[in-house]
Amino acid sequence: MSQTTDPLLITAPPDLSDPRRYTEDGIEEVWRRLRAAHPVFLTRRSHAADYWSVLGHDPAARVLKDAATFSSSGGMRLDADPASNAAAAGKMLIVTDPPRHGGIRRVINSAFTPRMVERLTDTIRQTAVEVIETALDQGDADFAQVAARLPVSVISDMLGVPRADWDFMLKLTMIAFGADENAGTDPQRIAEAHTELLVYYDNLLARRRRDPQEDIVSALAHGTVDGAPLTDEEILLNCNGLISGGNETTRHATIGGLLALLRAPDQWARLRAEPGLLPSAVQEILRFTSPALHVLRTARREVDLGGHRIRTGDQVAVWLPAANRDEAVFADPDRFDIARTPNRHLTFATGTHFCLGSALATSELTIFFEEFLARVGQVTPRGAPRRMQSNLIWGFTSLPVTLTRRATPSRRPVPASQVGPEDL
């Protein structure tokens, strides 16, 4: 690991990898002070590998766009199991560098036929209406549970899971990715949930090899990269990655988006009065909530970044929410502004690893909040929100609210063209 005599590093900035930091409000102020003093800095740890933190928007974008210098194959999160990283590198999309990354990505994108896009749009609309109406009938609801159902339904439909198994998928993914308060952080139960998911998708893969459908598992089962079919291991690893990515961003952005609107009633009222602001409001929700806390890269060669010398093999963590509140790019960044434009947030990252499901997540949020605003008259908090203890996901385990129905529901349809893979 590189050495430095930078006086800013002698002040020992806090270790942002500590997951306890993200269970309470106030981390935004920590990011602000750190970013102002040193937008790129080194954290030395006695218990784990040292790493560089990137908090400024410009250096963050530089790292994310330069796959030739900053590799994903060393793992995409801090303190992950090295053996697991090594086993997935070059096979799982998020820990694969170009050019193979592009080949796997093209196979997944091939599943997004016009008919599948139309089906997913119908699923989003139908599920959004169902979960909102159910919550309204109940009155008192935990909005974290309400928000969980939409993304897991959509990702299940996209992968090819039959509708009858969607509730089963919801239960397993909530446990596997740390959002089930009953399971907590029990490593054995989490590992069991991951195993159950992989067994399920292994069985689904066998069925799709025999009987392909319009879904991603079928595309992976019958696609080729560099002239060769993907192995079962590669397919299951990518299913696991898609389940995680497809659930986490949308679920926590939905919860955080409602919380932001509750804490800024002027923005709630404006969105009610100006529904045409919904597209920019969704982009602001994505910036403001920024559910993916960090993405990790490993330096392939020596490089200067933010005035520091990064050595070959150094780990570099890009803290996306901090970059999304950089004053140099976003005016008054801690203010939730549904009309903010331009909005060059990095919630979906950028460059080669720009989020595969960005358009899908945007459509889910757009349709959900369109239906929510049309059907819900008032939202009253019933208690404080509870955040996850995680350094990977800046999210929530609970947001208790009381919902009342709007007197005259109405909605403005969202075009189906909003759903689909991004145009690279």
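The structure contained in this document is the topic of the report that follows. (Residues numbered from 1 in each chain as written. Predicted model: local features only at pLDDT ≥ 70, side-chain atom pairs only at ≥ 80, totals over all residues. Heavy atoms only, no water.)

Re the overall build of the protein chain
Selection criterion: Secondary structure elements follow DSSP: runs of H or I no shorter than four residues count as helices, runs of E no shorter than two count as strands, and numbering proceeds from the N terminus. The atom set for the radius of gyration is the C-alpha atoms, and the globule formula is 2.2 Å times the number of residues raised to the power 0.38. What makes two residues a contact is simply this: any of their non-hydrogen atoms within 4.5 Å.
The helix and strand tally for the protein chain stands at 15 helices and 14 strands. What you see for the protein chain is a C-alpha radius of gyration of 21 Å, in line with the 22 Å of a compact globule of 424 residues. Considering only C-alpha atoms, the protein chain reaches an extent of 65 × 55 × 40 Å along its principal axes. Here the analysis covers contacts within the protein chain between residues at least 6 apart in sequence; of these, 74% occur between residues at least 24 apart.

Here's the deal with the sheet that holds strand E3 (residues 70-71)
Condition: Note on pairing: DSSP must find at least two bridges between two strands before they are called paired. Axis lines are fitted through C-alpha atoms, for helices just across the contact stretch, and the angle between N-to-C directions can take any value from 0 to 180 degrees.
Within the open sheet, the five strands sit side by side as E1-E2-E10-E7-E3. Their pairing is mixed. Strands at the two margins of the open sheet, each flanked by one partner only, are strand E1 (40-43) and E3. In terms of strand pairing, strand E7 (residues 294-299) meets strand E10 (residues 315-319) through five bridges, oriented antiparallel. Paired with His294 across the strands is Trp319, a residue of E10. Relative to the sheet, helix H3 (residues 57-65) contacts E1, strand E2 (51-54), E3, E7 and E10, its axis offset from that of E10 by approximately 125°.

Comments concerning the sheet that holds strand E11 (residues 376-381)
If you walk across this open sheet you meet the three strands as E4-E14-E11, and the pairing is antiparallel. The two strands at the open ends of the sheet, each matched to only one other strand, are strand E4 (140-142) and E11. If you compare each strand with its neighbour and ignore which way they point, the axes differ by 35° on average. Pairing between E11 and strand E14 (residues 400-405): five bridges, direction antiparallel.

What to know about the packing of aromatic side chains
The line we're drawing: Pairing of aromatic side chains here covers Phe, Tyr and the six-membered ring of Trp, requires ring centres within 6.5 Å, and sorts the geometry by plane angle: under 30 degrees stacked, over 60 edge-to-face, intermediate tilted. We call a residue buried when its accessible area falls under 20% of the maximum for its residue type, exposed when it is over 50%, and partly exposed in between, using a 1.4 Å probe and counting protein chains only. Charge-over-ring contacts are defined here by two conditions on Lys NZ or Arg CZ: a distance within 6 Å of the ring centre and an angle within 35 degrees of the ring normal.
The full count for this structure, using the stated rule, is 12 aromatic pairs. Pairing Phe168 with Tyr200 gives two aromatic rings, centres 6.0 Å apart and planes at 45°, and the pair type is tilted. Note that Phe168 is positioned in helix H8 (residues 166-176) and Tyr200 in helix H9 (residues 187-210), a separation of 32 residues in sequence. A residue is classified by how much of its surface remains accessible, and Tyr200, at 11% relative accessible area, is buried. Their ring planes at 85° and their centres at 6.3 Å tell us that Trp268 and Phe372 sit as a pair that is edge-to-face. With Trp268 in helix H12 (residues 265-273) and Phe372 in helix H15 (residues 358-375), this residue pair connects regions lying 104 residues apart in the sequence. An aromatic cluster is built from Phe143, Trp268, Phe368, Phe369 and Phe372, whose rings are joined through pairwise contacts. Sitting over the face of the ring of Phe330, Arg287 holds its NZ or CZ atom 5.3 Å from the ring centroid.

Observations regarding the pattern of salt bridges
Test applied: The term salt bridge refers to a side-chain nitrogen of Lys or Arg lying within 4 Å of a carboxyl oxygen of Asp or Glu.
Following the criterion strictly, the structure yields 35 salt bridges and no others. The residue Asp167 makes a salt bridge to Arg149 at a minimum N-O spacing of 2.5 Å. Separated by 18 residues along the polypeptide, Asp167 in helix H8 and Arg149 in helix H7 (residues 143-159) bring together distant segments of the chain. Notably, a salt bridge pairs Arg270 with Glu274, separated by 3.0 Å at the nearest N-O pair. Using a relative accessible area of 31% as the deciding quantity, one classes Arg270 as partly exposed. Owing to a relative accessible area of 35%, Glu274 belongs among the partly exposed residues under this scheme. Shared partners join several salt bridges into a network, and the residues in it are Arg125, Glu133, Asp137, Glu370, Glu371, Arg375 and Arg405.

Description of the side chain of His353
Keep this limit in mind: Any pair of N or O atoms that falls within 3.5 Å is considered a polar contact. Within protein, one atom must be able to donate a hydrogen and the other to accept it, and sequence-neighbouring residues count only if both atoms are side-chain atoms.
Here His353 lies in the loop between helix H14 (320-323) and H15. Under the relative-accessibility criterion, His353 is labelled buried at 15%. Of the polar contacts made by the side chain of His353, one reaches the side chain of Ser72; its length is 3.1 Å. Separated by 3.2 Å, the side chain of His353 and the backbone oxygen of Thr96 make a polar contact. Ignoring anything within four residues of it in the chain, the contact list for His353 reads Ser72, Leu93, Ile94, Thr96, His101, Arg105, Arg297 and Phe348.

Structural notes on the environment of Leu403
On the secondary structure map, Leu403 appears in strand E14. Excluding its chain neighbours within four sequence positions, the residues that come into contact with Leu403 are Ala135, Leu136, Gly139, Phe372, Val376, Gln378 and Val379.

A look at the environment of Asp140
Positionally, Asp140 belongs in strand E4. In sequence terms Asp140 and Val379 are 239 residues apart; their C-alpha atoms lie 9.8 Å from each other. Residues in contact with Asp140, not counting those within four places in the same chain, are Arg382, Val401 and Thr402. Of note is the side chain of Asp140, whose polar atom sits 2.6 Å from the side chain of Thr402.

Just distances and angles here, no functional claims.
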